[in-house]
Amino acid sequence: MKITNVKVLVCRPGRNFVTVKIETDEGVYGIGDATLNGREMAVAAYLEEHIAPCLIGKDPLQIEDVWQYLFKGAYWRKGPVTMTAIGAVDMALWDIFGKVTNMPVYQLLGGKSRHGVTVYAHANGESIEEVLTNLGQFIDQGYKAVRLQCTIPNQKGTYGTLEGKKNYYELQGNRPLPPENEWCTRKYMNFIPELFKQAREQFGYDIELLHDVHSRLTPIEAAKLGKMLEPYDLMFLEDSVTADNQQGYAQIRQHTTTPLAVGEIFNTVWDAKELIETQSIDYIRTAVSHGGGITPMRKLSDFAAMHHVRMAPHGAPDLSPIATMAHLHINTWAPNFGIQEFVGFGTDEINEVFKYELNIKNGMLLPSEAPGLGVDIDEEAMKKYEYKRSYLPVSRLEDGTLWNW
Ligand code: GCO
Ligand code: MG
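Quick caveat, the model's predicted, so the values are computed rather than measured.

What counts and how
- Residues numbered from 1 in each chain as written.
- Chains lettered and ligands numbered in written order.
- Predicted model: local features only at pLDDT ≥ 70, side-chain atom pairs only at ≥ 80, totals over all residues.
- Heavy atoms only, no water.
- Donors = N, O, S within 2.8 Å, 3.2 Å for Na, K, Ca; no water.
- Helix = DSSP H or I, 4+ residues; strand = E, 2+ residues; numbered from the N terminus.
- Buried < 20%, exposed > 50% of the residue type's maximum accessible area, 1.4 Å probe, protein only.
- Expected span 1.5 Å × (residues − 1).
- Contact = heavy atoms within 4.5 Å.
- Core = buried A, V, L, I, M, F, W, Y, C linked by side-chain atoms within 4.5 Å.
- Pairing = 2+ DSSP bridges.
- Salt bridge = Lys/Arg side-chain N within 4 Å of Asp/Glu carboxyl O.
- Axes fitted to C-alpha atoms, helices over the stretch in contact; angles between N-to-C directions.

Observations concerning the coordination of the magnesium ion (ligand 2)
Surrounding the magnesium ion (ligand 2) are the protein donor atoms Asp212 (OD), Glu238 (OE) and Glu264 (OE), at 1.9 to 2.2 Å. Each donor residue of the magnesium ion (ligand 2) belongs to the same chain, with the gaps between them written as D-x25-E-x25-E. Placement of aspartate 212 in strand S7 (residues 208-212) and of glutamate 264 in the loop between strand S9 (260-262) and helix H10 (273-277) is noted, with a sequence separation of 52 residues between them. The buried category is assigned to aspartate 212, whose relative accessible area is 2%.

Details of helix H3 (residues 80-101)
A rise of 1.5 Å per residue sets the reference length of H3, with its 22 residues, at 32 Å; its end C-alpha atoms lie 31 Å apart and thus fit the reference within 8%. Across the 22 residues that make up H3, a large majority, 16, are buried. Backbone geometry just after H3 places asparagine 102 at a positive phi near 60°.

Brief notes about helix H7 (residues 185-203)
Helix length check: H7 (19 residues) gives 27 Å between terminal C-alpha atoms against 27 Å at 1.5 Å per residue, within 8%. Buried within H7 we find Thr185, Tyr188, Met189, Phe191, Ile192, Pro193, Leu195, Phe196, Ala199 and Arg200. Where H7 is buried, its residues contact helix H5 (128-140), strand S5 (145-150), strand S6 (180-183), S7 and helix H8 (219-229). A positive backbone phi angle near 75° is found at glycine 204, which sits one or two residues after H7.

Considering the nonpolar core
Membership of the largest hydrophobic core comes to 115 residues, with the highest contact counts inside it found for Leu148 and Ile294. Broken down by element, the residue count for this core peaks at 10 residues, all from H3. Dropping the residues within four chain positions of it, leucine 148 is found in contact with Ala123, Val131, Leu135, Leu195, Phe196, Ala199, Leu209, Leu210 and His211. Residues Tyr120, Leu210, Phe236 and Ile339 belong to the second largest nonpolar core, which totals 9 residues.

Considering the sheet that holds S6
Whenever strands of a sheet pair, they do so through backbone hydrogen bonds, lying parallel or antiparallel. Spatially, 3 strands are ordered S6-S17-S18 in an open sheet, and the strand pairing comes out mixed. The sheet terminates laterally at S6 and strand S18 (402-403), the two strands that pair on one side only. Strand direction decides the pairing type here: S6 and strand S17 (residues 394-397), joined by 4 bridges, are parallel. Among the inter-strand pairings, tryptophan 183 is bridged to a residue of S17, identified as leucine 397.

Focus: the pattern of salt bridges
Within this structure, the stated rule accounts for 19 salt bridges. Among the ionic pairs, glutamate 379 bridges to lysine 7, the shortest N-O distance being 3.1 Å. Taken together, the residues span a long stretch of sequence, with glutamate 379 in helix H14 (residues 379-384) and lysine 7 in strand S1 (residues 3-11) at a distance of 372 residues. Residue classification places lysine 7 among the partly exposed residues on the basis of a relative accessible area of 25%. With a shortest N-O distance of 2.5 Å, lysine 187 and glutamate 398 are connected by a salt bridge. Pair noted here: lysine 187 is in helix H7 and glutamate 398 is in the loop between S17 and S18, with a separation of 211 residues, a long-range link.

As for the sheet that holds strand S3 (residues 29-33)
Read from one edge of the open sheet, 3 strands run S1-S2-S3, paired in antiparallel fashion. Both edges of this open sheet fall to S1 and S3, since each of them pairs with a single strand only. Across the sheet, the axes of successive neighbouring strands diverge by a mean angle of 20°, strand direction being ignored. Bridging between strand S2 (residues 17-24) and S3 involves 5 bridges; their strand directions are antiparallel. Of the residues in S3, the one forming a bridge with threonine 19 is aspartate 33. Along the sheet, helix H1 (residues 40-55) makes contact with S1 and S2, crossing S1 at roughly 175°. Strands in contact with H3 are S1, S2 and S3; relative to S3, the strand with the most contacts, it is inclined by about 145°.

The quantities given are spatial measurements derived from coordinates; they are silent on function.
Dropping the structure here:
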């Protein structure tokens, strides 16, 4: 079996997605998600110009060797652009492997460790009342875990809140230049414990609650927040600090028992090595697309399991349904699966382009039994939705200092 063609497809059904399609001489093809939010065309060019020519003629079932070839063979390792490109190719090859063997990818990884993948939904709002109304609705729908994000009073543009928009998918899809948000740690710290206090008062302790700080704090501030939130028993506090300096998490750890999660911008297992080895975190959030594919995710999962760290892959709307389905397979298999972020089902436009079936029951996604990843694309429909440059916001302190968004 040989790879005969590699297509790089860029489209914008409401928001930008980059997709790789790998075709073979036997008519079987595989697809992978190469979307890197706000830097889409860098990955598309990397794939088209630097990866595609090397794949023609290769055996698509030599998945490990192709991965090593693209990682070691480039000399320039790591980085989000490189690893997202490799990740998409790797996903497509696992898809082909599944189709050729007529098995779902989770089966190829070692089979089912569970009958369903527990997800957490997003309850966002511009006031505590609004967040709690949304939380109540998710509980009624059977969700077992919900992330809470609320607009911080007197602060312009808070991460995770919908800014009056109802459609989360649309939120990051139309920004010709980066919008600017404001950040004030004191306002945030003064406000956020109250959100969780009221959530527990109203809904009790059966529901898992989560929160994403989006890297806005320093380690000692994060430690303080973790302590303040202890009475409200979070499942995890996400990205309280950037992990460029992995030791920061050890510092947070010394002060609080609030579980910690990080990793959605990680590209390799090395980014998490110290965090995992020192057991400074509880959940690793690396995504299959940005982390180089299914092949390294499996290694990351095994490494994390040895250190009591559980998998909680990133699941924001900028991951296409292909990555969502790949996560579903990894999570069905991974013995140390923790939880999956889930922002809901795609819009009509997205579902016109990507063909997949997601079944949710009692807050759990059920494994896909289709061969391969269980997702397909409609290339004709893709053509209707042209790419449009779009950025994530940037963040500044009130005095103008550029901060982490
Ligand atoms: C999350 C994330 C996202 C990211 C986005 C960046 O936890 O879901 O933090 O909201 O900001 O995916 O592209
Ligand atoms: Mg996050």
